[in-house]
Protein chains: 2
Amino acid sequence: MKAYTEMNKEELLELQKDLEKQYQAAKDMKLSLDMSRGKPALAQLDLSMPMMSVLNEDSVLKAEDGTDCRNYGVLDGIPEAKELMAQMMDVKPENIIVCGNSSLNIMYDTVARSMLHGVNGNTPWCKLDTVKFLCPVPGYDRHFAITESFGIEMICIPMSEDGPDMDKVEEYVNHDETVKGIWCVPKYSNPQGYTYSDEVVKRFANLKPAAKDFRIFWDNAYCVHHLYEDKQDTLLDIMEECKKAGNEDMVYHFGSTSKVTFSGAGIGAIATSKANIAEIKKHLTLQTIGHDKINQLRHVKFLKNKEGIQAHMMKHAAIIRPKFAAVLEVLEKELGEAGIASWTNPKGGYFISFDTLEGCAKKVVAKCKEAGVVMTGAGATFPYGKDPKDSNIRIAPTLPTSEELAKAADLFVLCVKLVSVEKLLENA
Amino acid sequence: MKAYTEMNKEELLELQKDLEKQYQAAKDMKLSLDMSRGKPALAQLDLSMPMMSVLNEDSVLKAEDGTDCRNYGVLDGIPEAKELMAQMMDVKPENIIVCGNSSLNIMYDTVARSMLHGVNGNTPWCKLDTVKFLCPVPGYDRHFAITESFGIEMICIPMSEDGPDMDKVEEYVNHDETVKGIWCVPKYSNPQGYTYSDEVVKRFANLKPAAKDFRIFWDNAYCVHHLYEDKQDTLLDIMEECKKAGNEDMVYHFGSTSKVTFSGAGIGAIATSKANIAEIKKHLTLQTIGHDKINQLRHVKFLKNKEGIQAHMMKHAAIIRPKFAAVLEVLEKELGEAGIASWTNPKGGYFISFDTLEGCAKKVVAKCKEAGVVMTGAGATFPYGKDPKDSNIRIAPTLPTSEELAKAADLFVLCVKLVSVEKLLENA
């Protein structure tokens, strides 16, 4: 196969004619497929159905400390749920608050609280003229949406396989006191599937923030979400590293079972220093009397412990690994030598990050949609929805079935080819 | 029995001696009882245990519109949960958002959102020098704690059997644009058990607020919480009345199943105008992908509909009615003619509101505590925890067993007598 970038105008025009024909045929298939969100497939949700029976009308709904999980009370989670989430997130139970079904909600509330009440006695962010967050890109659109909604200025930080560009991070954090936070998905990052290297984690832990109320928003959403039994990334314990560096209060560490059990009915948690826990609880106690302890108990009975989680996650892996493989195979086969795209090959998480030639992503996504395949909106992986190079597309292969995926991937590469040829012809 | 207020110094001193002796004997019983919070008793929680089996590992966890309740999605609740909560709260399903397990959390978020983003395009409250809330008193401490935490100035409005003093409410709301809200528990109010009269509801609906962003926080926590099958209060539909008066957007109406099924694992909801629903969803979509839909489904399968809820609430009533009766009997028998206290006799809700002679409440509560009976802190029913007359005590009779309750009530009246005698002796 000749690289598209090596083709002359005539070759490109001929190729275009052929691709247009294929695209017309694809449209005639009237596909209706969704690769837009990181949603588990039915088969994955089915894995947790036994959880629906671990508690029933004859169960004693008491926590190990005697708390009646049916009644009011317990702001920070029942002890065994703290233990479970601590094992999953690799933190200590005394550093954790177990909340409701959405870690996104915990992150939102953490930013909202900082806006309204300030962090650790510092000026509430809403009283400041400028508040900035660093955003490693491409990244998670819902993170960016939260900070945007509060009028927080977002600064893009380039990502590499090792994590964010730490020179840039240090430059901003250590010298600009309006920089109050950074969004991180440190393991199997969204959308690349990269895991931050030990050096990156250590450099994070050793930041010397100009702002006393600078915090790292460490969204460890994919902490146990491996695709392989043998090839697994490991992430250095940032809380431990921060402690060593005297920066104990600098990290908010988030996790949830949304993609372990049920995406709509899991349990979420925040782990942080004891001082931060105390501060959070001071406000949380005004917000709620307590989260759903029965669902916490249900999760403990079902997942049991770290080993239980690991075994369960391998069942997930068995379902989604072939889907990643199927997409990657099509990408490699169809685009491997075309010179018009690059993509990641993750060992975990929920996404593949795909880069087109500059200025092609929006058109590719639009062409896919026209033929019935919904991708994550181009630009969504950047703050304000603006990808400066218009090249990044997030591929979410988990939801469709394998057959659907094969069709969707075929259509996707076809659209990439078509739009790339158009682009190359502009300059040919 | 001679009224204490009619006694001369000698009689009071003799009585005091006798009461001191009784108190010493009571202390020797080493009681450990809690009448402080409106918590359901074990027997009440047991009523909902069948709910734990309505869904199991063989269930199809789909909503009636086909939504898989296990996966992400559905911001405002599954259709049948909206219908259920609408029936319970006597509103229309299209006016409702079903959330997580805590209506308190919905109220907190509603205030927080108004602080940060403003209401309906108006200036965010955090940007204003002064924001005031009206607080009918005595009232619910957790309401007051929310507004206090945001630095909102609270103004006490006296309550009568018909509801808040509407002359005062109108005076403030219609002429002071810094008044942005009022906390109401309109049915079986906390702590009195009063239900707002039709006239009061109509006067609420016909307010002409000076502030465009004034809102009524209508916490209908006890909407179906009757103590009797025959003697039940009814509450006029404020949303309908507001609509008639052209004030459709003026009410946020909250409800939950916390005291219907499980206090820790129920479902909460907010009902309001379509314009307000749209505004809330605009922010909610940043905060969460959706609340726990499986628990919503579980509630629908268990409670079914309005009739199901009513039948279930009568089982609650059968458990707690004798407890209210036991306390009221002791109060009547021991204090009915003493002239040193008054109290309410509610037809629903979770509390009895009790008033001592001025300046006695704190001492009564302290004396109870000293002898092992925890009451709600004196003053808790007023903003900033300050009861200007130091006379109101909230009695929460649901949690203890009947035997415990008899002992607790006996001790309580003893403490009331003792402190009252001391008070009367000061002026004798």
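All residue numbers refer to positions counted from 1 along the written sequence of the respective chain. Here the convention is simple: chains get letters from A, ligands get numbers from 1, in the order in which they are written. Reporting of local features is limited, given that this is a predicted model, to residues whose pLDDT is at least 70; pairs of side-chain atoms are given and counted only at 80 or more, and all residues count toward the totals for whole chains, interfaces and linings. The side-chain values count all of the structure's non-hydrogen atoms but skip hydrogen atoms and water molecules.

This part is about the overall build of chain A. A helix here means a DSSP run of H or I that spans at least four residues, while a strand means a run of E at least two residues long, and both kinds are numbered starting from the N terminus. When its secondary structure is counted, chain A shows 13 helices and 13 strands. Radius of gyration here uses only the C-alpha atoms, and the compact-globule reference equals 2.2 Å multiplied by the residue count raised to the power 0.38. For chain A, whose C-alpha radius of gyration is 23 Å, the value lies close to the compact-globule estimate of 22 Å for 428 residues. Overall size of chain A, expressed as C-alpha extent along the three principal axes, is 75 × 55 × 35 Å. Accessible area is worked out with a 1.4 Å probe on protein chains only. A residue is then buried under 20% of its type maximum, exposed over 50%, and partly exposed in between. For chain A, the proportion of its 428 residues judged to be buried stands at 62%. Residue exposure ignores everything except the shown protein chains as possible cover, and the areas themselves are Shrake-Rupley values with a 1.4 Å probe. Split by element, the accessible area of chain A, about 16200 Å² in all, is 47% carbon and sulfur.

All names here are of chain B. The criterion for strand pairing is that DSSP finds at least two bridges linking the strands in question. Pairing is antiparallel across the open sheet formed by three strands, whose spatial order is E10-E11-E13. With one partner strand each, in any of the chains shown, strand E10 (341–343) and strand E13 (392–395) form the two edges of the open sheet. Between one strand axis and the next, the sheet turns through 25 degrees on average, direction left out of account. Direction of pairing for strand E11 (residues 352–356) relative to E13: antiparallel, over a ladder of four bridges. If you follow Ser353 over to E13, its bridge partner there is Arg394. What counts as an axis is a line fitted to C-alpha atoms, over the stretch in contact for a helix, and the angles between N-to-C directions run from 0 to 180 degrees.

Right, let's talk about the relation of the copies chain A and chain B for a bit. Residues below a pLDDT of 70 in either copy are left out; the C-alpha atoms of the rest, at least 70 in both, set the least-squares superposition of the copies. You can overlay chain A on chain B at an RMSD of 0.0 Å; the transform is a turn of 180 degrees with a shift of 0.0 Å along its axis. What the superposition gives is, in effect, a two-fold axis relating one chain to the other. The contact criterion used is simple: two residues touch if any of their non-hydrogen atoms lie within 4.5 Å. Take the interface residues of chain A: 100% of them recur as interface residues in chain B, which is what a same-surface contact looks like.

If you look at the interface, chain A gives 57 residues, while chain B gives 57 residues. Buried surface area refers to the total accessible area, computed with a probe of radius 1.4 Å, that the two partners give up upon joining, counted for both partners together. Between chain A and chain B, a total of about 4800 Å² is buried, with carbon and sulfur atoms accounting for 56% of that surface. Summed over the three residues of chain A that lose the most area to chain B, namely Arg70(A), Tyr72(A) and Leu286(A), the buried surface amounts to 16% of that side. Here, a salt bridge means any Lys or Arg side-chain nitrogen found within 4 Å of an Asp or Glu carboxyl oxygen. Counting across the interface, chain A meets chain B through two salt bridges. A salt bridge links Asp46(A) to Arg70(B), with the shortest nitrogen-to-oxygen separation between them at 2.7 Å. By the criterion applied in these results, polar contacts are pairs of N or O atoms within 3.5 Å in which, for protein atoms, one can donate a hydrogen and the other can accept it, and in which residues neighboring in sequence qualify only through two side-chain atoms. The tally of links from chain A across to chain B stands at 24 residue pairs in polar contact (both at pLDDT 80 or more). Of all the elements in the fold, those that place two or more residues in the side of chain A that touches chain B are helix H2 (42–46), helix H4 (103–117), helix H5 (141–149), helix H9 (274–287) and helix H10 (293–303) of chain A.

A separate point is the layout of surface pockets. Residue and element names in this part refer to chain B. Both cavities and pockets are sets of points on a 1 Å grid over the protein atoms alone; in a cavity a 1.4 Å probe fits but cannot get out, in a pocket the set is open with protein on both sides within 12 Å along at least five of seven lines, and lining residues sit with an atom within 4 Å of a point. Grid points are joined across faces, edges and corners, and a volume is the space filled by probe spheres set on the points. Roughly 390 Å³ of volume is contained in the largest pocket. Around the largest pocket sit 21 residues that line it, and Val137, Pro138, Asp355, Phe382 and Lys389 are the ones nearest its centre. Within the residue set of the lining of the largest pocket, elements represented by two or more residues are strand E4 (153–160), E10 and E11. At four residues, E4 tops the list of elements feeding residues into the lining of the largest pocket. Under the convention adopted here, Pro, Cys and the residues Ala, Val, Leu, Ile, Met, Phe, Trp and Tyr are nonpolar, Asp, Glu, Lys and Arg are charged, and Gly plus all remaining residues are polar. Looking at side-chain class alone, the lining of the largest pocket contains nine nonpolar, eight polar and four charged residues.

Turning our eyes to something else, we now look at helix H7 (residues 198–205) of chain A. Residues and elements named next belong to chain A. Every buried residue of H7 is accounted for by Val200, Val201, Phe204 and Ala205. Seen end-on, H7 carries its buried residues on one side only, within an arc spanning 140 degrees. Buried-residue contacts for H7 involve strand E5 (163–164), helix H6 (166–175), strand E6 (179–184), strand E7 (215–219) and helix H8 (238–244). The directions from the helix axis to the C-beta atoms are what the arc is built from.

Moving on to the sheet that holds E5(A). All names here are of chain A. Taken together, eight strands build an open sheet; the order of strands is E2-E9-E8-E7-E6-E3-E4-E5 and the sheet is mixed. Strands at the two margins of the open sheet, each flanked by one partner only, are strand E2 (96–98) and E5. The strands that H4 touches are E6, E7, strand E8 (251–256) and strand E9 (268–271); relative to E8, the one it contacts most, it runs at about 155 degrees.

Now for empty space enclosed by the protein. Enumeration over the complete set of coordinates arrives at ten cavities of 30 Å³ or more. Its boundaries defined by the atoms lining it, the largest cavity holds a volume of some 610 Å³. Residue lining of the largest cavity: 37 residues in total, with Asn105(A), His291(A), Gly100(B), Asn105(B) and His291(B) positioned closest to the centre. Contributions of two or more residues to the lining of the largest cavity are made by H4 and H9 of chain A together with helix H4 (103–117) and helix H9 (274–287) of chain B. Residues that form the lining of the largest cavity fall into these classes: twelve nonpolar, 19 polar and six charged.

Before going further, it helps to spend a moment on the packing of aromatic side chains. Side-chain rings of Phe, Tyr and Trp (the six-membered ring for Trp) are treated as a pair once their centres are within 6.5 Å; stacked means planes under 30 degrees apart, edge-to-face means over 60, and tilted covers the remaining angles. Following the criterion strictly, the structure yields 28 aromatic pairs over all chains and no others. Centre to centre, the rings of Trp125(B) and Phe133(B) are 5.9 Å apart; their planes meet at 70 degrees, and the pair counts as edge-to-face. Ring pairs connect the aromatic residues Trp125(A), Phe133(A), Trp183(A), Phe217(A), Tyr252(A) and Phe254(A), which therefore count as one cluster. Comment: the charge-over-ring label is applied if NZ (Lys) or CZ (Arg) is within 6 Å of the ring centre and within 35 degrees of the ring normal. Directly above the aromatic system of Tyr228(A) lies the positively charged group of Lys231(A), at a separation of 4.0 Å from the ring centroid.

Residue and element names in this part refer to chain A. Between helix H12 (residues 361–370) and helix H13 (residues 402–427), the least distance of the axes is 9 Å, while the angle of their chain directions is 135 degrees. Put simply, H12 runs oblique to H13. Of the two elements, H12 crosses H13, and the hand of that crossing is right-handed. Of the residues in H13, those in contact with Lys363, Val364, Lys367 and Cys368 of H12 are Leu411, Phe412, Cys415, Val416, Leu418, Val419, Glu422 and Glu426. Classifying every residue of the contact of H12 with H13 gives eight nonpolar, no polar and four charged. Note on angle classes: values under 35 degrees are labelled roughly parallel, values over 145 roughly antiparallel, values of 65 to 115 roughly perpendicular, and the remainder oblique. It is the rotation of the near helix from the far one that decides the hand of a crossing: anticlockwise by less than a right angle makes it left-handed, clockwise makes it right-handed.

Put simply, a nonpolar core is a bunch of buried Ala, Val, Leu, Ile, Met, Phe, Trp, Tyr and Cys residues held in one set by side-chain atoms that sit within 4.5 Å of each other. Phe204(A), Ile216(A), Trp218(A), Phe204(B), Ile216(B) and Trp218(B) are the most contacted members of the largest nonpolar core, which totals 118 residues. The residues touching Phe204(B), leaving out its near neighbours within four places in the chain, are Pro164(B), Met166(B), Val169(B), Ile182(B), Cys184(B), Tyr196(B), Ile216(B), Trp218(B), Ile238(B) and Met250(B).

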